[in-house]
Structure formats: C-alpha cells, structure tokens
Amino acid sequence: MKRLWNLDLLRIISMAAVVLIHTTQTLPNLPVESYEWIVLCFYDGLAHWAVPVFVMISGVLFLDPRKPQPVRKLYSKNILKILVIILVWGFIYAAVNHPPESFDLSSLWTFAKRAALGHYHMWFLYMIAGLYALVPLLRCITASEQATRYFLVLAGIVNCVLPFLGDFGPIQLANSFIGKMLIQLPVGYSFYFVLGYWLHSNPPKPTLRKAVYGLGVVGAIGTVGLTALLSSQSNSSNLLFFDNFSPTILLMSVAIFVFFENRPKIDAEKPHPVIALFSKATLGVYLVHVMVLDALQNIGLSCLSFNPLFAAPLTAACAIAASFAIAALLTKIPIFGRYCI
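Being a predicted model, the structure only gives us computed values, none of them experimental.

Thresholds, definitions, all that
Here, residues in each chain are numbered from 1, in the same order as that chain's written sequence. Since the coordinates come from a predicted model, pLDDT governs what is reported: local features require at least 70, and pairs of side-chain atoms require 80 or more to be given and counted, while whole-chain, interface and lining totals use all residues. In computing side-chain values, all of the structure's heavy atoms are included and hydrogens and water are not. Strands here are runs of E lasting at least two residues and helices are runs of H or I lasting at least four, both read from the DSSP assignment and numbered beginning at the N terminus. We call a residue buried when its accessible area falls under 20% of the maximum for its residue type, exposed when it is over 50%, and partly exposed in between, using a 1.4 Å probe and counting protein chains only. By definition in these notes, contact holds between two residues if any of their heavy atoms fall within 4.5 Å. Only the protein chains shown count as covering a residue, and every accessible area follows the Shrake-Rupley method with a 1.4 Å probe. Note that His is not counted, nor are the chain ends; the positive residues are Lys and Arg, and the negative ones are Asp and Glu. A charge is said to be at NZ when it belongs to Lys, at CZ for Arg, at CG for Asp and at CD for Glu. Here, a salt bridge means any side-chain nitrogen of Lys or Arg that lies within 4 Å of a carboxyl oxygen of Asp or Glu.

Trainee: Would you explain the overall build of the chain in this entry?
Mentor: Along the backbone of the chain there are 15 helices and zero strands. In terms of its C-alpha atoms, the chain occupies a principal-axis envelope of roughly 55 × 50 × 45 Å. Burial analysis of the chain (341 residues in total) assigns 46% to the buried set. Taking the intrachain contacts of the chain between residues at least 6 apart in sequence as the baseline, contacts between residues at least 24 apart amount to 80%. For the chain, the exposed area adds up to about 17500 Å²; of that, 69% sits on carbon and sulfur atoms. Across the chain, the centroid of the 23 positively charged side chains sits 15 Å from that of the 14 negatively charged ones.

Have a look at this one:
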C-alpha cells in the first residue's frame, strides 16, 4: 500500500497545534478582555482543529472497506498497543506527579487508579481505543455511499448543530425531544472518524474546495470572535465554541483536512526521510509534551513569561522541538520504543 505522505505531514502539523493548545491552557484563569486573555484566545482558538483532524486521519486509514481489516489484527495490534501505552504512560505520569504517599493499601490503590485513568491529556488515547473497537461496525457503513452520507448528516446534526442551538426556544424543545430518542451510534468522535474517510474518498472539486476554504476562514473568525463575545457578556471565559464539535471548529477542521489532502502529492514510492522521521515520532510527542511543558515552566518559560504574543509560540516551539527529540530517542529503546511509544 502506498504511503499517504500528505496525511503524515498533516499529522505532524496537527501535533504541533495540540502542543500550542496545551501551551495556552492558562486561558480560563485570566481576566476576560485582558491583553493576555485576548492573545491566548486567538492562539488557542485557531489551533482547536487539531483533535478532529487527528481523528479524521485515522478514519482514512481504518475505514476503507476495500482494504482488509481483520478483527483479530485490530485487537491484537492496534487496540492492544493503545492499552499498553495507556498503562505504561499512565504509570509514568502518576509516578512523576502523584507518587504514593506511603506503601499502605489505600495509597497504593489511589496511585493505581490515577495510573489507570491517565494524565489529563491522555483522554485522546482512550477515545481512539474506543473508536478502533467500532471499526468493524463503521466499515459496514462506509461500504455504502448512501449509508455514509446518511450517517454524516445525522451525526452532524446531533453532534454539531443541535447542542449549540439548544438555548433558543423551539430548538431547545427539539433538542430535548431528540435526546429522549437516545440516538447514540453517531454521537461522538465516530462522526469525525467517518468524515475523514468520506472526504478522502470524495475529494471536493476545485470550485467547492474554494467554498470549503472560505468557510474555514469563517470558522476561524467565528471560533475566536464568538468566544470573545460570550466571555465578555458573562465576564468569565466561555469556551463553548472551543468544543471539538462546535460548528466553527467543524468548518476549520474540514478546511484544514481538505487543504492538505489536495496538496501536490509527495512521491509515495520513495519515503520522504524528514516527514517519515517526524511522523513516526508524533505519538511520542503527544505522550511527552505535557511533561516538557511542565519542565519549561519550572525554568521560567511559559506563555505568560513575557508578552504572550511572542511567549506563547516560542514556548510551544521549544516544547515541540524538545518533545520530538525525546520521542525520537525513546523510539530507539528496544521493546519500549516498539510497544510503548
């Protein structure tokens, strides 16, 4: 199978966006409308397409019904590896941040629970493992063009439309009515999972692509602008439109994905050495970058160390560079590099 180098490049850039999001996570603690809040809101909002795009990339790789995807391989290779990573890195983060206070049964049990539930940023791994478990079912949907379109329309309404219009009169009633129907299959990240496969299999024509890019710009402006407006009205950070399923994030995510999907294709027969190196390290970067950000803060570098307009991207860049270096080294460790990163 030819390597999808454009998606590898998109994976690298998405990982950089995730690091920027976590660099600016002090945003809710800042006074609304302060200079620092405005700058971090801008950076944070423009990077929030990262997680949906990561899920869309996985959809391309797992949901093509023309490519075999045995259930045994799915569990023995993909899901098992994610579970091993969760347990190993959950233990590492728990040991670094919350070591057991003593060796009595209660302290050890508390430590074990923290390790099993993972650090805050590891939620993505649990979610991906859940999506992998749904792959055999979702491939039955993607095997039919009609079923795929229906799924995306229903999932888009349930995930990205109704929840963000639920406070407006009759729509609130409609939202409550649909909630009572307990429609659950299209709820959640399976929407982006299937959407990624569909956009890859049905690339929009040039005229439509321009419209997609335009809507992506609208989504970016809407994400930052509506967040600023709602926060100003409530005098506290209202991050409703930073939600991964907000309509504005959806528009941004689709635009970014389509843009990279339609770049001139890199020669798939000859591995691109730089892209291959960094793409292989993205999971490792995801696992270690929070620890790197904490270390940088301990030596005085954070998004608020000086003017955040410059401090935020500089801190993120340093964290990205250090994390890629650490991840590349960790992949060289026998056994650990193969199964735990």
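Once the structure has been displayed, the description carries forward.
Trainee: What's the story with unusual backbone geometry in this structure? I'm lost.
Mentor: In most cases, non-glycine residues show a negative phi, while peptide bonds are predominantly trans. Backbone geometry places Asn235, a non-glycine residue, at a positive phi of 55 degrees. Tracing the sequence through the fold places Asn235 in the loop between helix H10 (206–234) and helix H11 (247–261). The exposed category is assigned to Asn235, whose relative accessible area is 62%. Positive phi, close to 65 degrees, is recorded for Ile335, a residue that is not glycine. Mapping Ile335 onto the fold places it in the loop between helix H14 (308–330) and helix H15 (336–339).

Trainee: Sorry if this is basic, but what is going on with the pattern of salt bridges here?
Mentor: Think of it this way: side chains of opposite charge can pair up when their charged atoms draw near. Enumeration over the complete set of coordinates arrives at three salt bridges. Arg66 is paired through a salt bridge with Asp64; the nearest N and O atoms lie 3.0 Å apart. Here Arg66 falls in the exposed class, since its relative accessible area comes to 68%.

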